[in-house]
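# Secondary and tertiary structure notes
Listed below, chain by chain, are the residues.
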2 protein chains.
Amino acid sequence: MLFGGAAAGLGAIAALGIESLTSTTAPAEAADQLHGNTVIPFYGPHQAGIATEPQAHATYISLALRENLDRAAVQRLLRLLTDDAARLTQGQAALADTEPELGAVPARLTVTFGFGPKLVELAGSSAAGIQPLPKFSIDRLQERWNDGDLLLHIASDDQLTVAHAQRMLLKDARRFASVKWVQPGFRRSRGSEASGTTMRNLFGQVDGTVNPSPQTADFNALVWNPDGSTTMVIRRIQMDVDTWDEVDRSGREFSVGRTLANGAPTTGSQEHDEPDFEATNALGFTVIPAHAHIRRARSENPSERIFRRGYNYDEQPTGTDISDSGLIFVSYQQSVAKQFVPLQQRLAELDALNQWTTPIGSAVFLIPPGCAEGGFVGETLFKA
Amino acid sequence: MLFGGAAAGLGAIAALGIESLTSTTAPAEAADQLHGNTVIPFYGPHQAGIATEPQAHATYISLALRENLDRAAVQRLLRLLTDDAARLTQGQAALADTEPELGAVPARLTVTFGFGPKLVELAGSSAAGIQPLPKFSIDRLQERWNDGDLLLHIASDDQLTVAHAQRMLLKDARRFASVKWVQPGFRRSRGSEASGTTMRNLFGQVDGTVNPSPQTADFNALVWNPDGSTTMVIRRIQMDVDTWDEVDRSGREFSVGRTLANGAPTTGSQEHDEPDFEATNALGFTVIPAHAHIRRARSENPSERIFRRGYNYDEQPTGTDISDSGLIFVSYQQSVAKQFVPLQQRLAELDALNQWTTPIGSAVFLIPPGCAEGGFVGETLFKA
């Protein structure tokens, strides 16, 4: 009966989709210019939402598993959430979806699952690769933004779709887990800029120019493990826009080594120009200073790179503050220890940007491989 | 020098806009399909952001004026904010804009100002039309969501643009006022559905079918005063999605009088069909029950209508909750007393939806007329 009901629901949704495009109140947009029906495949060797071109909206939800959950219960939870994600991402109603119409506009919805150490151990696998990060000198971590057992990363070009998927998943998860933290983030909306444009953060900087592209050959070796999994670092970086605003443009560009106008290195003119770290100015100093972010972020070892895919956050100010902004830093890499930690260690030691940025939350998750139809995300851990 | 700097800034922004469209990393979208450069005129007889087709994102900010501000100081504040709004909405840097690149993608940005009683009286005008609403039996108002002296309503199809405009305006306002409350809201993203599609709220309902259209003749008489002003009611309506989810589809449709699939009255098949309030079912009861929302919302007096333009809100859940959702109800009307109050009174007395909805915040603002270049929003009040 449950399955029959869901199938009938899907028929209604399909009809609704067609109707909304032909509505008499709708102006002349051609249906093929609308992006609400665009879907990202759910099943595959890797989970979607990582190599996927970033959507405009993302919410990261960290869940704490309830006490005394056994291996079988965790498996039931993962089957349930996998089924929800597989349906919702395709614009279909989840089983027992009480607001199916809200899910009829997927707009590239992806749902990506990450596992914390406790969940991995419950499954019977080793959590060696996803231990909490070493303490960095710059960290001012608040427990309320740290860690978690199960991460849900929900992203879409439509915020109403994210809200609906979030509620559906949490409804199914609540018997098994409670919410530890939720971090909603955003980038420019779909179609407001050309896709592929590097994002800007709330300091106004072009942020993420040097990033392996999912389209290039080195991406696989940097990000994916042979079994299709990866590891994720998520850090909440508070940005003090008030003190940043006291710095003039050249001071800002000096601290990063890139221009604000288009993100070009201060030794070049285009965003993707190679920085010239040897170039000197009339006084004999290097144009890109020793403490500049792009100099400190760079490693001589090309295998020490990470793949970044973060979002801006902007919470509502309280009291006399006028903003509470920052970056949800997210990176994916095969090895946290070999790729992320050396980079973060270097930046913690010296990076001009540290003056205005403070890490206030940190977590590491295993991102298990994708699954095939009939399977569930995380199944390979249980087989081990 | 300040103006010269701003002009130079604008040149840089214009160059940036062209560059971002011709970037080598950008795929094949034609520039004319991108919506980031679309602007809504700022100057005019009415403020923008009301008759404007609703943008995907809106933030409502209520400011409390500092003690002892005099008439001249309020005027300075309004001149400053008007100047910011006039520039930002056109994709130009505000004066002293420290992150000008973030404003280069207006995406239909509008900034609309509303005045609370204290500001109107400070200007030397009568605040008779914008007194707080009478207490309705359904109200459970929390002071932290009520009232305010100056409302900033910032809306755009791009959330990063809203964030930048919000910060710029609050930077200029903070010497004069502090933040009382901020309510961010959203609808479907631009282009995910055909524009003109009636919004859905987080109950999944088509919400706002019966609404005067800015394109029809009756709009002017319902909304605009002869001087170009209007009044705004903004109410925060908490929606208890958990208990709503316990009701089956026919129960939900019964309580509203419309279908969930497409918002058609339960006596019709298309969204904009006229409801048949006399139609009866096999048992002799009216198909649209006596307590149904659409029956209660309807007045026999066509001049008692309001123009609605609200947004969904979805705050992050805390503790054992899994959602904190609702509607930022916003209506515009010539007369709050003659148009809004009778309607709300009827709904407070009887409306099946009251079972799942609770007003937790309420405010009324005067929306002054628009202004011409060189003027400022609110100037007519000071002339009085």
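From a predicted model like this one, the values you see are computed outputs, not experimental measurements.

### Remarks on the overall build of chain A
Check the secondary structure of chain A and you find 10 helices and nine strands. For chain A, whose C-alpha radius of gyration is 22 Å, the value lies close to the compact-globule estimate of 21 Å for 384 residues. Along the first, second and third principal axes, the C-alpha set of chain A runs to 80 × 55 × 50 Å. Looking at the 384 residues of chain A, the share that counts as buried comes to 57%. Contacts in chain A between residues at least 24 apart in sequence constitute 79% of all its contacts with a sequence separation of at least 6.

### Focus on the pattern of salt bridges
Going through the model one piece at a time under the given rule, you end up with 40 salt bridges over all chains. Salt bridges linked by common partners bring E99, R167, K171 and R174 of chain A together with D242, D245 and R252 of chain B together as one network.

### Some words on the UniProt feature "domain: Dyp-type peroxidase C-terminal" (unreviewed entry) in chain A
The sites that UniProt annotates as "domain: Dyp-type peroxidase C-terminal" (unreviewed entry) are residues 199-371 of chain A. Helix makes up 21% of residues 199-371 of chain A and strand 22%. Its end C-alpha atoms lie 30 Å apart.

### Some points on the interface of chain B and chain A
Contacts between the two partners involve 66 residues from chain B and, on the opposite side, 66 residues from chain A. Between chain B and chain A, the buried area comes to about 5900 Å², and carbon and sulfur atoms account for 51% of it. The largest share of the area that chain B buries against chain A comes from R167, R188 and I322 of chain B, three residues that together contribute 12% of it. Along the contact surface separating chain B from chain A lie 14 salt bridges. With a closest N to O distance of 3.5 Å, R174 of chain A and D242 of chain B form a salt bridge.

### Things to note about the packing of helix α2 (residues 71-88) of chain A against helix α4 (residues 159-173) of chain A
All names here are of chain A. Where α2 contacts α4, the two axes come as close as 10 Å, and the packing angle between them is 160°. As judged from the angle between their axes, α2 and α4 are roughly antiparallel. For the pair α2 and α4, the sense of crossing is right-handed. Each of L77, L80, L81, D84, A85 and L88 in α2 lies in contact with α4, whose residues at this interface are H164, A165, M168, L169, D172 and A173.

### What about helix α9 (residues 336-349) of chain B?
Residue and element names in this part refer to chain B. In this model, α9 (14 residues) spans 18 Å end to end at C-alpha, consistent with the 20 Å of a helix rising 1.5 Å per residue. Of the residues making up α9, those classed as buried are V336, Q339, F340, V341, L343, Q344, R346, L347 and A348. Looking at the packing, one finds that the buried side of α9 touches α5 (218-223), β5 (230-239), α8 (293-297), β8 (324-333) and β9 (357-367).

### Observations regarding the UniProt feature "domain: Dyp-type peroxidase N-terminal" (unreviewed entry) in chain A
When the UniProt feature table is mapped onto this chain, "domain: Dyp-type peroxidase N-terminal" (unreviewed entry) is found at residues 47-187 of chain A. For residues 47-187 of chain A, the end-to-end C-alpha separation is 21 Å, with 28% helix and 23% strand making up the annotated structure.

### Remarks on the pairing of strand β3 (residues 150-156) of chain B
If a strand is regular, its side chains alternate between the two faces of the sheet. All names here are of chain B. Among the seven residues of β3, seven are classified as buried, and the element is accordingly described as predominantly covered. With burial as the criterion, each face of β3 is covered, one bearing L150, L152, I154 and S156 and the other bearing L151, H153 and A155. As paired elements, strand β1 (residues 57-65) and β3 share seven bridges and run antiparallel to each other. Bridge assignment links H57 to a residue of β3, and that residue is S156. Of the strand pairs in this sheet, strand β2 (residues 110-115) and β3 are connected by six bridges, and their pairing is antiparallel. Considered in β3, the bridge of F113 is made with L152.

### Details of the environment of T216 of chain A
Residue and element names in this part refer to chain A. Along the chain, the position of T216 falls in the loop between β4 (177-186) and α5 (218-223). T216 sits 157 residues away from T59 along the chain, and the two C-alpha atoms are 27 Å apart. A distance of 2.9 Å separates a polar atom in the side chain of T216 from a polar atom in the side chain of D218.

### Focus: the relation of the copies chain B and chain A
Superposition of chain B onto chain A requires a rotation of 180° combined with a translation of 0.0 Å along the rotation axis, giving an RMSD of 0.0 Å. Both chain copies can therefore be described as sitting about a two-fold axis. The share of interface residues of chain B whose copies in chain A are also at the interface is 100%, consistent with both copies meeting through the same surface.

### With respect to the confidence of the model for chain A
Residues and elements named next belong to chain A. Confidence in the prediction for chain A averages 91 pLDDT; 91% of positions are at 70 or higher. Taken as a whole, residues 1-28 scores under 50 in pLDDT and shows 26 contacts with residues more than four places along the chain or in a different chain. Across the predicted assembly, pTM comes out at 0.92 and ipTM at 0.91.

### Thoughts on helix α9 (residues 336-349) of chain A
Owing to its 3.6 residues per turn, the α-helix aligns residues three or four sequence positions apart on the same side. Its buried side turned inward, α9 of chain A meets α5, β5 (230-239), α8 (293-297), β8 (324-333) and β9 (357-367) of chain A. Where α9 of chain A begins, the side chain of S335 of chain A points an oxygen toward the backbone nitrogen of A337 of chain A, at a separation of 3.4 Å.

### Topic: the packing of aromatic side chains
Tallied over the entire structure, the rule returns 19 aromatic pairs over all chains. Ring geometry for F42 of chain B and Y43 of chain B: centres 5.2 Å apart, planes at 80°, overall edge-to-face. Through successive ring pairs, a cluster of aromatic residues spans F219, W224, F307 and Y332 of chain A. Here the basic side chain of R187 of chain A rests over the ring of Y311 of chain A, its NZ or CZ set 5.1 Å away from the ring centre. Over the ring of Y313 of chain A we find R236 of chain A, and its NZ or CZ is 3.6 Å from the ring centre.

### Let's talk about the pairing of β8 of chain A
Residue and element names in this part refer to chain A. Taken across its 10 residues, β8 has nine buried, putting it largely inside the fold. Relative to β8, β5 runs antiparallel, the two sharing nine bridges. Within the sheet, the bridge partner assigned to R235 lies in β8 and is F329. By the bridge criterion, two bridges tie strand β6 (residues 307-308) to β8 in an arrangement that is antiparallel. In the sheet register, F307 faces β8, and the bridge partner there is Y332.

### Here's the deal with the side chain of H35 of chain A
Inspection of the secondary structure assignment puts H35 of chain A in the loop between α1 (2-22) and β1 (57-65). At a separation of 3.4 Å, a polar atom in the side chain of H35 of chain A contacts the main-chain amide nitrogen of S192 of chain B. Sequence-distant contacts of H35 of chain A, that is, excluding residues within four places in its chain, are made with A107, D157 and R190 of chain A together with S189, R190, G191 and S192 of chain B.

What counts and what doesn't
Residues numbered from 1 in each chain as written. Chains lettered and ligands numbered in written order. Predicted model: local features only at pLDDT ≥ 70, side-chain atom pairs only at ≥ 80, totals over all residues. Heavy atoms only, no water. Helix = DSSP H or I, 4+ residues; strand = E, 2+ residues; numbered from the N terminus. Rg over C-alpha atoms; globule rule 2.2 N^0.38 Å. Buried < 20%, exposed > 50% of the residue type's maximum accessible area, 1.4 Å probe, protein only. Contact = heavy atoms within 4.5 Å. Salt bridge = Lys/Arg side-chain N within 4 Å of Asp/Glu carboxyl O. UniProt positions renumbered as here; feature names shortened; annotations may be inferred. Buried area = accessible area lost by both parts, 1.4 Å probe. Axes fitted to C-alpha atoms, helices over the stretch in contact; angles between N-to-C directions. Parallel < 35°, antiparallel > 145°, perpendicular 65-115°, else oblique. Left-handed = near helix turned anticlockwise from the far one by under 90°. Expected span 1.5 Å × (residues − 1). Pairing = 2+ DSSP bridges. Polar contact = N/O pair within 3.5 Å; in protein donor to acceptor, adjacent residues only side chain to side chain. Least-squares fit on C-alpha atoms with pLDDT ≥ 70 in both. pLDDT = per-residue confidence, 0-100. Phe/Tyr/Trp six-rings, centres within 6.5 Å; stacked < 30°, edge-to-face > 60°. Lys NZ or Arg CZ within 6 Å of the ring centre and 35° of its normal.

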